[in-house]
Amino acid sequence: MKTHIIRITYHDCALRYGLSEADLRGFADLGLLATDSTTDTIHDEPEHLARLARLQHELGLSKEGIDVVLAMRQRLLSLQHELMLQRARARQFEHLLGSTGPTLDADDWL
């Protein structure tokens, strides 16, 4: 999946996503937004900016609460990816065992 990054000024971002410039700068200070200090712009994924706006507007979370939710989301995505890799490895192992000898149930190993 390709990631799209936009570059937008704080003012334009505030208008587009319904956040104040102070909130955006607070998110940037917490490291929740990727910014470019030389051009004073935000360069991040549109979905991420929309997610920040939803967490603040719809759920009424503080900046610190949003930080916790985003960290949990990142951890969940990481765990999902790890589970996908482990399932693929298990399928490879099952295929290897299936082509070289009899397959035993897990209870046979106990």
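Residues numbered from 1 in each chain as written. Predicted model: local features only at pLDDT ≥ 70, side-chain atom pairs only at ≥ 80, totals over all residues. Heavy atoms only, no water.

Asks: So what exactly am I meant to see when it comes to the nonpolar core here?
Replies: One recurring pattern in soluble globular proteins: nonpolar side chains tend to sit buried together. If you look at the biggest cluster of nonpolar residues, it comprises 18 residues, and the most contacted ones within it are Cys 13, Leu 24, Phe 27, Leu 33, Ile 42, Leu 52 and Ile 66. The set of elements that each furnish at least two residues to this core consists of α1 (10-17), α2 (21-29), α3 (46-57) and α4 (63-100). In this structure Cys 13 touches Ile 8, Gly 18, Leu 24, Ile 42 and Leu 49, once residues within four positions along its chain are discounted. (Core = buried A, V, L, I, M, F, W, Y, C linked by side-chain atoms within 4.5 Å. Buried < 20%, exposed > 50% of the residue type's maximum accessible area, 1.4 Å probe, protein only. Helix = DSSP H or I, 4+ residues; strand = E, 2+ residues; numbered from the N terminus. Contact = heavy atoms within 4.5 Å.)

Asks: Can you walk me through the sheet that holds strand β1 (residues 6-9) in this structure?
Replies: Hydrogen bonds between backbone atoms are what pair the strands of a sheet, whose relative direction is either parallel or antiparallel. Strand order in the open sheet made by the 3 strands is β1-β3-β2, with antiparallel pairing throughout. Only two strands of the sheet have a single neighbouring strand rather than two, namely β1 and β2 (35-36). Bridge analysis of β2 against strand β3 (residues 41-44) gives 2 bridges, and the strand direction is antiparallel. Bridged to Asp 36 within β3 is Thr 41. (Pairing = 2+ DSSP bridges.)

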